[in-house]
Amino acid sequence: MKTGLLEAVVNELQIGVLVISDKKKLLYANPFFEKTFSVEGKPDGKNLSDVIKDKAVIEVIEKMLSSKGKQPQEITIQGRGSQILEARLVPFASDSGSRVLICFFHDVTEEKRVEAIKRDFVANVSHELRTPLASIKGYAETLLDGALEDKATLKNFLTIIDRHANRMTALIEDLLTLSMLESHQMPMSFESLDIKGLINSVIQGFEKQAKDKDIELIMNIGREIPKIMADKDRLEQVIVNLVDNAIKYTNKGTVRVLAEKSDDMLQVNVEDTGIGIPEKDIPRIFERFYRVDKGRSRELGGTGLGLAIVKHIIQGHNGKIWVKSQPGKGTTFSFTIPSFS
Ligand code: ADP
């Protein structure tokens, strides 16, 4: 290969490349390296620290040189979204016998982010399952240890065991739904949808729950509703989750479901007059297991997965979902779905 061509390739690489002489002088840095790290002036055979201003990089290079490149190293650059790079060192001997060391700096930020999400997810799932399981075990053991004799205690404990078992079931169901949505194993089947009929039937299903809390359930359907193609069961799950949350997190007042036309799209709002969501929590509210108040959510039978499922389904319909809220006043979740006509 011609030198010019090789240089063009190295210039375009989205990997940092450094060439260091066996006397630890810097011979070459490619544009990606210069862009990623603080570099002053040209390598031109200078000492590493004269050109590279990032102390962390110098330390990593020194470590690799002393271990002869056997151990890849990790560098985190703070301040630019915490970029993480993996550094590797490869000794190279040319035909003429001169030896150089080539360092490669590969951006692994995205890989690390995905790894962390997976790790957190497994930790969260284990924790969420262990909590109800510990309660079930505790109450069952107390009953076996003699509390069986007392009828009132027996009923009380069995009710608690039943509640925790239901929570575990809900959690496992939500986990399966989420995993199937994420791995596209739950193909959507789109059909022309009667949104008014769907909202009506969801509202009817919640009448008792709302009445028990003295909450007024209202449905408002605009006069001109755009036609949409949607997966009926999945969209029903979205509205059920949003109305369920609206009732759960409202102590008194109203929950209103509104469907109307917005820029040729269907927009559905689920509004409540409940406890609201603090501004700082809003950006994370659709994350798996993110809750404003863990204790409260669990007490109300929540799994912390409802909104993550909702977001997936809406995105699967090429729609958007967002939330506006005022703590103490109420919350409005809104989503849009493009019209097909
Ligand atoms: P959960 O099962 O905990 O309700 P979700 O994913 O459905 O899980 O919701 C995540 C969190 O968002 C809830 O724990 C709650 O803190 C907050 N939240 C959701 N809907 C509302 C609402 N209508 N009003 C206030 N907070 C809400």
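Structure shown above.
Note that this is a predicted model, so its numbers are computed, not measured.

**Student:** I would appreciate a short explanation of the side chain of R234 in the present structure.
**Tutor:** Position of R234 relative to the elements: it lies in helix α9 (residues 232-248). Leave out the neighbours within four places in its chain, and R234 touches L181, M186, M188 and I313.

**Student:** I keep staring at the packing of aromatic side chains and nothing clicks. Help me out?
**Tutor:** The geometry of an aromatic ring pair is captured by the separation of the ring centres together with the interplanar angle, meaning the angle of the planes. Per the stated rule, a full pass over the model turns up six aromatic pairs. Each ring, one from F37 and one from F105, has its centre 5.4 Å from the other, and the planes form 70°; the classification is edge-to-face. Here the residue F37 occupies a position in the loop between α2 (31-36) and β3 (46-47), and F105 occupies one in strand β6 (residues 99-107), the gap between them amounting to 68 residues. Both residues of the pair, F37 and F105, belong to the buried class. Between F286 and F333, the aromatic rings sit 6.1 Å apart at their centres with planes inclined by 90°, giving edge-to-face as the arrangement. Of this pair, F286 sits in the loop between β11 (265-272) and α10 (294-299) while F333 is found in strand β13 (residues 330-338), placing the two residues 47 residues apart along the sequence.

**Student:** What exactly am I supposed to notice about the sheet that holds β6 here?
**Tutor:** As a general point, the strands of a sheet are linked pairwise by backbone hydrogen bonds and lie either parallel or antiparallel. If you walk across this open sheet you meet the six strands as β3-β2-β1-β6-β5-β4, and the pairing is antiparallel. Looking at strand neighbours, the two that pair on one side only are β3 and β4 (73-77), the edges of this open sheet. Pairing of strand β1 (residues 15-21) with β6 involves seven bridges; the strand directions are antiparallel. What sits directly across from I20, in β6, is L101.

**Student:** I'm lost on the pairing of β1 in this one. Help?
**Tutor:** Regular strands place side chains that alternate from one sheet face to the opposite one. Burial runs high along β1: six of the seven residues are buried. Across three bridges, β1 lies against strand β2 (residues 25-29) in antiparallel orientation. For I20, the partnering residue across the bridge sits in β2 and is L26. Hairpin connection between β1 and β2: a loop of three residues separates the two successive antiparallel strands, and K24 in this loop has a positive phi of roughly 65°.

**Student:** What should I look at first to understand the nonpolar core in this one?
**Tutor:** Soluble globular proteins: nonpolar side chains tend toward being buried together. Counting residues in each nonpolar core, the largest one holds 49 residues, and the members touching the most others are I195, L235, V243 and F335. Top element by residues in this core is α9. It accounts for seven residues. Lining this core are residues from two domains, each supplying at least three of them: domain 2 (108-186) and domain 3 (189-341). Membership of the second largest hydrophobic core comes to 24 residues, among which are A29, I61, I77 and L85.

**Student:** How should the side chain of H164 be read in this particular structure?
**Tutor:** Tracing the chain through its elements places H164 in helix α6 (residues 151-182). When neighbours within four sequence positions are excluded, H164 is seen to be in contact with P132, S135 and I136.

**Student:** Is there a simple way to think about the site of the ligand in this case?
**Tutor:** Near the ligand you find 20 residues, and of these N245, Y249, S297, T303 and L307 are the closest. L307 is positioned with one of its backbone polar atoms (N or O) 2.8 Å from an oxygen atom of the ligand. Contact with the protein chains covers 97% of the free accessible surface of the ligand, which is 530 Å². The element best represented in the shell around the ligand is α9, accounting for three residues.

Parameters at a glance
Residues numbered from 1 in each chain as written. Predicted model: local features only at pLDDT ≥ 70, side-chain atom pairs only at ≥ 80, totals over all residues. Heavy atoms only, no water. Helix = DSSP H or I, 4+ residues; strand = E, 2+ residues; numbered from the N terminus. Contact = heavy atoms within 4.5 Å. Phe/Tyr/Trp six-rings, centres within 6.5 Å; stacked < 30°, edge-to-face > 60°. Buried < 20%, exposed > 50% of the residue type's maximum accessible area, 1.4 Å probe, protein only. Pairing = 2+ DSSP bridges. Core = buried A, V, L, I, M, F, W, Y, C linked by side-chain atoms within 4.5 Å. Domains from an automatic or database assignment. Near = heavy atom within 4 Å. Polar contact = N/O pair within 3.5 Å; in protein donor to acceptor, adjacent residues only side chain to side chain. Areas by Shrake-Rupley, 256 points an atom, 1.4 Å probe, with all protein chains shown as cover.

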